Amino acid sequence: MNNYKLDYLEQLEAESIYIMREVAAQFERPALLFSGGKDSITLVHLAIKAFAPHKIPFPLVHIDTGHNFPEALAFRDQYAKNNGAELIIRKVEDTINLKKLTEPKGKFASRNWLQTHTLLDCIEEFQFDACIGGARRDEEKARAKERFFSVRDEFGQWEPKLQRPELWNIYNGRIHKGENVRVFPISNWTELDVWNYIKKENIPLPSIYFAHNREVIEFENQLIAVSDFIRIDEDDVIVNKKVRYRTVGDMTCTAAVESSADTLDEVVNEIVATRISERGETRIDDKVTEAAMEDRKKGGYF
């Protein structure tokens, strides 16, 4: 009698690999959005396993705001090179100059809202019909509404009421000309799942995910890295603290958490103990309005 059973991480992995292969089978020009953050690194690792011994059959795409952590960018380039993956980079700065866009002003002026223009232009440039991303349902309430296959209209817009049913692991990638699909293979994963999988698979990560000393300013109970991209006011106090990052977005909108966790085991223990989601604790841009993420997604954001 065969009593072989998959543990929960193996089940999540199998589901994600199945979705990756569905994308390769159903779409002509898919791409994987890759920022050098832990979720997109996990996606690349899953893609490698899904298509081994062949190379990943679609390019990695990064929409670079120009406000990224240098550690994440260096890791992005090296990881793509090490795995023989094609890396396409498109810069928000170029879109701002080309389309004469107005940059946000203020202390933590983020280009996140402008990313949509560059992403949609990139999709049109390469005629991508599917873009794979690392969004998870546990991150934020707008993302909790997503299906694995999220259809976007010819303007890149998302309408939650038009989401398709996904029964018995059957995914409908049928689209009209001009439309595209955003695919989220790790939707069912939690932050803790991702970290446990990274530990199990020994997946490399940028150093900023582990405790390190960094100059920060304390602003509304958050620790924001000192950089050329934020405005330092006279009453700001710059301190050196031991911190790490739970999620890696732009330096203008991602807060650090005070931490001494410098190993995977210690990070996992911290995640087990926390009661606040990673975006809820560290992403300033999600707090602009109650529906900040949903508004961006409806406009074409990932």
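Refer to the structure presented above.
Here the structure is a predicted model, which means the values were calculated and not measured.

A.B. asks: For the packing of helix 6 (residues 191–201) against helix 7 (residues 264–273), give the residues involved together with the corresponding values.
C.D. replies: The relative placement of two packed helices comes down to the angle between their axes together with the axis-to-axis distance. It is the contact of helix 6 with helix 7, at a shortest axis distance of 10 Å, that shows an interaxial angle of 165°. If you check the angle between helix 6 and helix 7, you find them roughly antiparallel. Crossing geometry of helix 6 relative to helix 7 is assigned as left-handed. Counted together, E191, L192, W195, N196, I198 and K199 of helix 6 and L264, D265, V267, V268, I271 and V272 of helix 7 form the full contact between these two elements. The residue inventory of the contact of helix 6 with helix 7, partitioned by class, reads eight nonpolar, one polar and three charged.

A.B. asks: Could you give an account of unusual backbone geometry, with specific residues and numbers?
C.D. replies: Residues A52 and P53 are joined by a peptide bond in cis, for which omega reads 10°. When you line up the elements, P53 lands in the loop between helix 2 (38–51) and strand 2 (60–64). Despite not being glycine, N221 shows a phi value in the positive range, around 65°. Take N221: it is sitting in the loop between strand 7 (212–219) and strand 8 (222–225).

A.B. asks: With reference to specific residues and values, describe the side chain of E191.
C.D. replies: Structurally, E191 is set in helix 6. At 2.6 Å, the side chain of E191 and the side chain of R246 are in polar contact. Excluding its chain neighbours within four sequence positions, the residues that come into contact with E191 are K38, R136, D138, R246, I271 and E278.

A.B. asks: Describe the sheet that holds strand 3 (residues 87–91), with residues and values.
C.D. replies: Read from one edge to the other, the open sheet built from six strands follows the order 3-2-1-4-6-5, with strand pairing classed as mixed. On the outer flanks of this sheet lie strand 3 and strand 5 (149–152), each paired with one strand and no other. Here the strands of the sheet are splayed against their neighbours by 30° on average, with no regard to which way each runs. One ladder, built from four bridges, connects strand 5 with strand 6 (residues 180–183); its direction is antiparallel. Counted as the bridge partner of R152 is N180 from strand 6. Packing of helix 2 onto the sheet brings it into contact with strand 1 (30–33), strand 2 and strand 4 (130–132), and relative to strand 1 it is tilted by some 140°.

A.B. asks: Run through the pattern of salt bridges, naming residues and quoting values.
C.D. replies: Summed over the entire model, instances satisfying the criterion amount to 19 salt bridges. The salt bridge involving R136 is made with D39; its shortest N-O contact spans 2.9 Å. You can see R136 sitting in the loop between strand 4 and strand 5 and its partner D39 sitting in helix 2, a full 97 residues away along the chain. With a relative accessible area of 10%, D39 lands in the buried category. R90 serves as the salt-bridge partner of E125, at 2.8 Å between the closest nitrogen and oxygen. Residue E125 is found in helix 5 (residues 112–126), and its partner R90 is found in strand 3; the two are separated by 35 residues along the sequence.

A.B. asks: Before we move on, can you summarise the pairing of strand 7 with the specific residues and values?
C.D. replies: Sheet analysis places strand 7 next to strand 9 (residues 238–244), joined by six bridges and oriented antiparallel. Across the sheet, R214 pairs through a bridge with K241, a residue of strand 9. Note: strand 7 against strand 8, four bridges, orientation antiparallel. Looking at strand 8, one finds that F219 is bridged to Q222. Connecting strand 7 to the antiparallel partner strand 8 that follows it, the hairpin turn spans two residues, and E220 within it adopts a positive phi of roughly 50°.

Cut-offs used in this document
Residue indices begin from 1 for each chain and proceed along its sequence in written order. Totals for whole chains, interfaces and linings use every residue, but because this is a predicted model, local features are given only for residues with pLDDT of at least 70 and side-chain atom pairs only at 80 or more, for both listing and counting. Water and hydrogen atoms play no part in the side-chain values, which are based on all heavy atoms of the structure. Lines fitted to the C-alpha atoms define the axes, with helices restricted to the stretch that makes contact. Angles between their N-to-C directions range from 0 to 180 degrees. Under the scheme used here, helices are H or I runs from DSSP no shorter than 4 residues and strands are E runs no shorter than 2 residues, and both carry numbers assigned from the N terminus. Comment on the angle field: the value is read as roughly parallel under 35 degrees, roughly antiparallel over 145, roughly perpendicular from 65 to 115, and oblique elsewhere. Take the far helix as your reference; a near helix turned counterclockwise from it by less than a right angle gives a left-handed crossing, and one turned clockwise gives a right-handed crossing. Contacts were defined at the residue level, with two residues in contact if any of their heavy atoms lie within 4.5 Å. Residues are grouped as follows: nonpolar covers Ala, Val, Leu, Ile, Met, Phe, Trp, Tyr, Cys and Pro; charged covers Asp, Glu, Lys and Arg; every other residue, Gly included, is treated as polar. N or O atoms closer than or at 3.5 Å make up a polar contact, with two conditions inside protein: a donor-capable atom paired with an acceptor-capable one, and, for residues adjacent in sequence, both atoms drawn from side chains. Any two strands with at least two DSSP-identified bridges between them are counted as paired. Salt bridges are counted wherever a side-chain nitrogen of Lys or Arg sits within 4 Å of a carboxyl oxygen of Asp or Glu. A simple rule labels every residue: compare its accessible area, found with a 1.4 Å probe on the protein chains alone, to the largest value its type can have, and call it buried under 20%, exposed over 50%, or partly exposed in between.

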